[in-house]
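Read off the chains here:
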Amino acid sequence: MITLAIETSCDETSAAVLNKDKVLSNIILSQQDHSKFGGIVPELASRSHLESIVSVTRTALLNAGINLKDINLISATSEPGLIGALLVGLNFAKSLAASLNIPFIPVNHIRSHLYSNFLCNQKAIYPFIGLIVSGGHTMLVLVEDFNMHTVLGNTIDDAAGEAFDKAAKLLGLGYPGGAQIDNSAKSGNENFIRFPKAKIKNSKYDFSFSGIKTSLLYYLRDVSENEKSRADFVNDVCSSFQKTVTDDLFEKTVSACSEFNVKKISVSGGVSANSEMRKKFNQLKSRNFEVYFPEIQYATDNAAMIGLCGYLSYISADDKTFFKSASLLTPAKARLDYEKF
Amino acid sequence: MICRETIISASPEDTFQAGKKFAEDLRRNSVTGFFGDLGTGKTQFIKGICDFFKVKEAVNSPTFIIVNEYSGISDSDNSAIKIFHFDFYRLKNMSDLYSIGFENYTDQNGICLIEWAELADEYLQGNLQKIYFEHGQKENERIIKFK
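### Considerations on the overall build of chain A
Assigned secondary structure in chain A consists of 11 helices and 10 strands. In terms of overall dimensions, chain A is globule-like: its C-alpha atoms have a radius of gyration of 21 Å, near the 20 Å expected for 341 residues. Over its C-alpha atoms, taken along the principal directions, chain A stretches across nearly 65 × 50 × 30 Å. Buried residues in chain A amount to 59% of all 341 residues. Expressed as a percentage of contacts within chain A between residues at least 6 apart in sequence, the contacts between residues at least 24 apart total 72%. Summed over all atoms, the accessible surface of chain A reaches about 13,900 Å², with 51% contributed by carbon and sulfur. With 35 positive and 35 negative side-chain charges, chain A shows a separation of 2 Å between the mean positions of the two kinds.

See the structure below:
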């Protein structure tokens, strides 16, 4: 069973080929790589998805050694995302599926993150707690079975990855800032600044990272120039900032585990690449937790996870006729519908 | 800069209420630009606007995804209204504006709210309402100027 998967929900243009749940190829064209495929492409990829979707798909097929006629299923992200960007991949995939007369499976991008750890020869057994942390999302989800989810928490303002990016910007470290903060933090003192922890009314599992951004802004405004020029200053600030954000993500995840009596955690999204996150969560293994992180190439936005989620949706569906006709009418949706998630 | 009104907000809650009050005069197809540094309360003000329109979804930062769409109710004609919450923080130039299909959002009978709106100001040649946010003297104080 060969799947071709397409992902264009935000910045990355990605295509992947899978044989069942095994990845044969996973091509991700991110902003930085656009030059490789020729031409100057705007910083933001939306309509440039249109320019690269065909070559990215061809490369994915070529690298997998698969011809168009060998494909059995096509999956694409239908929600949530930037409408203009989603439409490119969704319509491309639908048209290709219709012309090949094979099933089309629309996939929810956020759901597919939850199962991204399955791509790495390891599988969290249900139920597990999923923490999705990226530049656009921060969500805590109870996963009781495939596609049986309860959203426990979400960010009420900025996403965790965005907080990293904005902190990096305030410190003059550039965009995207997650990796730079992670790097600087390694030689810093994590107890250098005590940032306030966000308190959210009537919610155990929601997140807020807007306050810490403002605290950092005030701190940098008021600190002396002398202190600012100290060799380890930026490292200390990065380390303290990273500690506060990752502590919050860690503590809420662990407390959800204890409330729902689950000892399996799957962390996904771009922030799952952060070394402090990995260190903190992996320490839980000594307390008999099972902790899953995807490989880096499956942590950020990628089509392989869309292909896996599409394949799992297809094989678990009792009535597969939906995927041969009605699924072609699936609209692109900008927002996540929490009630149907 | 000539301002039609300046208010001092003493807290995030004040900023939220100011947004709610501002929303009373918002009309369909209007575009409002929000200017000001990180952490000056732009998103908080927009949360107030969305509360006025009875938006049930989470109103959070669209920095990464560029635009959030919310469904609200307009009291003046008692019907559904779309609120488009943009953040142009990551956009670099006018071609990015074209790239996200900005022109498709401004004529949908909805309300466009744009953080980091410098590019929108250029694109719309100043035909938008503008609100400026600044840090005040005290820790939680914000100065909000309506132009």
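### Thoughts on the pairing of strand E4 (residues 73–79) of chain A
All names here are of chain A. Most of E4 sits inside the fold, with seven of its seven residues counted as buried. Sheet topology places E4 next to strand E5 (residues 104–108); five bridges connect them, and they run parallel. Directly across from Glu79, in E5, lies its bridge partner Asn108. Read as a crossover between parallel neighbours, the route from E4 over helix H2 (residues 83–100) to E5 is right-handed.

### Re the domain arrangement of chain A
Residue and element names in this part refer to chain A. The assigned domain composition of chain A is domain 1 (2–114 + 299–337) and domain 2 (128–261). Centre-to-centre separation of domain 1 and domain 2, based on C-alpha positions: 30 Å. The interface of domain 1 with domain 2 comprises 11 residues on the first partner and 11 residues on the second. Approximately 920 Å² of surface area, both sides summed, lies buried where domain 1 meets domain 2, with 76% of it carried by carbon and sulfur atoms. Taken together, the links from domain 1 to domain 2 amount to zero salt bridges. Here domain 1 is connected to domain 2 by one residue pair in polar contact (both at pLDDT 80 or more). Put simply, the parts of the chain that give the side of domain 1 that touches domain 2 at least two residues each are helix H3 (109–114) and helix H11 (303–316).

### Brief notes about helix H1 (residues 48–64) of chain A
Residues and elements named next belong to chain A. Given a rise of 1.5 Å per residue, 17 residues ought to cover 24 Å, and the 24 Å separating the end C-alpha atoms of H1 matches this to within 8%. Where H1 bends most, the angle comes to about 30°, and this point is Val54. Among all positions of H1, only Ser48, His49, Ser52, Ile53, Val56, Thr57, Ala60, Leu61 and Ala64 are buried. Following H1 by one or two positions, Gly65 has its phi on the positive side, about 70°.

### Brief notes about the pattern of salt bridges
All names here are of chain A. One pass over the full model with this rule turns up 25 salt bridges over all chains. The shortest N-O distance in the salt bridge between Glu251 and Lys197 comes to 3.1 Å. Taken together, the positions of Glu251 in helix H8 (residues 233–259) and Lys197 in the loop between helix H5 (178–185) and helix H6 (210–222) put the pair 54 residues apart, joining distant regions of the chain. Across the pair Lys280 and Asp247 runs a salt bridge, and its minimum N-O distance is 2.8 Å. In this pair, Lys280 sits in helix H9 (residues 275–282) while Asp247 sits in helix H8, placing the two residues 33 residues apart along the sequence. The burial state of Lys280 is the same as that of Asp247; both residues are buried. What emerges from the salt-bridge pattern is a single network uniting Lys243, Asp247, Glu276, Lys279 and Lys280.

Basis of the calculations
- Within every chain, residues take consecutive numbers counted from 1 along the sequence as written.
- Working convention: letters from A go to chains and numbers from 1 go to ligands, in the order in which they are written.
- Local features are withheld for residues below a pLDDT of 70 in this predicted model, meaning they are given only at 70 or higher, and side-chain atom pairs are given and counted only at 80 or more; totals for whole chains, interfaces and linings count all residues.
- Side-chain metrics in this entry use all non-hydrogen atoms of the structure; hydrogen atoms and water are not considered.
- Each helix is a run of DSSP H or I of at least 4 residues and each strand a run of E of at least 2, with the numbering of both proceeding from the N terminus.
- Only C-alpha atoms enter the radius of gyration, while the globule expectation follows 2.2 Å times N to the 0.38, with N the number of residues.
- For every residue, the accessible area (1.4 Å probe, protein chains only) is compared with the maximum for its type, and the residue is labelled buried under 20%, exposed over 50%, or partly exposed between those bounds.
- Throughout, a contact is declared for two residues whenever any of their heavy atoms are within 4.5 Å.
- Note on areas: Shrake-Rupley with a 1.4 Å probe; residue coverage comes only from the protein chains shown.
- A positive count includes Lys and Arg, and a negative count includes Asp and Glu. His and the chain ends are not counted in either.
- In this description, the location of a charge corresponds to atom NZ of lysine, CZ of arginine, CG of aspartate or CD of glutamate.
- Any two strands are treated as partners once DSSP identifies two or more bridges connecting them.
- We call a crossover right-handed when, viewed with both strands directed away from the observer, the connection leading from the first strand over the helix to the second proceeds clockwise.
- Domain boundaries shown here were taken from an automatic or database domain assignment.
- Here the quantity called buried area is the total loss of accessible area, with a 1.4 Å probe, experienced by two parts when brought into contact, counted for both.
- Just to be clear on terms, a salt bridge is a Lys or Arg side-chain nitrogen sitting within 4 Å of an Asp or Glu carboxyl oxygen.
- Pairs of N or O atoms are called polar contacts if they sit within 3.5 Å, as long as, within protein, a hydrogen donor faces a hydrogen acceptor (for residues adjacent in sequence, only side-chain-to-side-chain pairs).
- One less than the number of residues in a helix, times 1.5 Å, gives the span that helix is expected to have.
- Two axes enter the bend calculation: one fitted to the seven residues ending at the residue in question, the other to the seven starting there, and the bend is the angle between them.

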